[in-house]
Amino acid sequence: MSIPKSEEDYKHIEEEINKESESEEGSEAYHEHELGLEIRTGEDATVLLLNTIAHTLAHIEMELGNINTAILEVSEKTQSLRSAVFTLVKALLYGSISKPEAKRKLLHDILEELMEG
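Heads up: these notes are all about the structure in this document. Because the structure is a prediction, the values reported are computed rather than measured.

## What to know about the overall build of the protein chain
Each helix and strand counted, the protein chain has three helices and two strands in total. Tracing the protein chain from N to C terminus, the helices and strands come up as α-β-β-α-α. Within the protein chain, contacts between residues at least 6 apart in sequence are counted, and of these 41% link residues at least 24 apart. Counting only carbon and sulfur atoms, one obtains 60% of the accessible surface of the protein chain, whose full area is about 9900 Å².

## Observations concerning the pattern of salt bridges
The full count for this structure, using the stated rule, is three salt bridges. The partner of R104 in a salt bridge is E101, with the nearest N and O atoms 2.9 Å apart. Residue R104 and its partner E101 are located together in helix α3 (residues 100-116), separated by three residues, close to a single helical turn.

## Topic: the packing of aromatic side chains
By the definition in use, this model includes zero aromatic pairs. In this arrangement the basic side chain of K103 is found over the ring face of Y94, its NZ or CZ atom lying 5.1 Å from the centre.

## Considering helix α2 (residues 43-94)
With 52 residues, α2 ought to run about 76 Å at 1.5 Å a step, and its terminal C-alpha atoms sit 76 Å apart, in line with that. For α2, the set of buried residues is V47, N51, A54, A58 and T87.

## With respect to the packing of α2 against α3
For the pair α2 and α3, interaxial distance at closest approach is 10 Å and the crossing angle is 150°. In terms of axis orientation, α2 runs roughly antiparallel to α3. In the packing of α2 onto α3, the handedness of the crossing is left-handed. Together, F86, T87, K90, A91, L93 and Y94 of α2 and K103, L106, L107, D109, I110, E113 and L114 of α3 make up the contact between the two elements. Residue classes in the contact of α2 with α3 are distributed as eight nonpolar, one polar and four charged.

Criteria and thresholds
- Residues numbered from 1 in each chain as written.
- Predicted model: local features only at pLDDT ≥ 70, side-chain atom pairs only at ≥ 80, totals over all residues.
- Heavy atoms only, no water.
- Helix = DSSP H or I, 4+ residues; strand = E, 2+ residues; numbered from the N terminus.
- Contact = heavy atoms within 4.5 Å.
- Areas by Shrake-Rupley, 256 points an atom, 1.4 Å probe, with all protein chains shown as cover.
- Salt bridge = Lys/Arg side-chain N within 4 Å of Asp/Glu carboxyl O.
- Phe/Tyr/Trp six-rings, centres within 6.5 Å; stacked < 30°, edge-to-face > 60°.
- Lys NZ or Arg CZ within 6 Å of the ring centre and 35° of its normal.
- Expected span 1.5 Å × (residues − 1).
- Buried < 20%, exposed > 50% of the residue type's maximum accessible area, 1.4 Å probe, protein only.
- Axes fitted to C-alpha atoms, helices over the stretch in contact; angles between N-to-C directions.
- Parallel < 35°, antiparallel > 145°, perpendicular 65-115°, else oblique.
- Left-handed = near helix turned anticlockwise from the far one by under 90°.
- Nonpolar A, V, L, I, M, F, W, Y, C, P; charged D, E, K, R; others polar.

These values are about where atoms sit, not about what they do.
Given below as structure tokens:
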């Protein structure tokens, strides 16, 4: 069974279940609830429960997708922050290096990182 994604999917599922319900003879007993509300039992309750489960599963799927998107964004931001900190450390180290070749390489690395970001 696939998870419904729209209200139209729910209507389609409900229509299929209703067709099955109509083709089979079942008891549609009604019971009075102590608050005076009439509730259906049997096949009608099954349809309601199945629709509720399908609808709730669709919400859960959507929220998991939102969480996944948020985690990916946090990962990207963390990687960006990490890169910026490394660039800052290299810039701070530049003044403490005495070898001209090492300074030139470090400066080259810093400029490349700044151009990428």
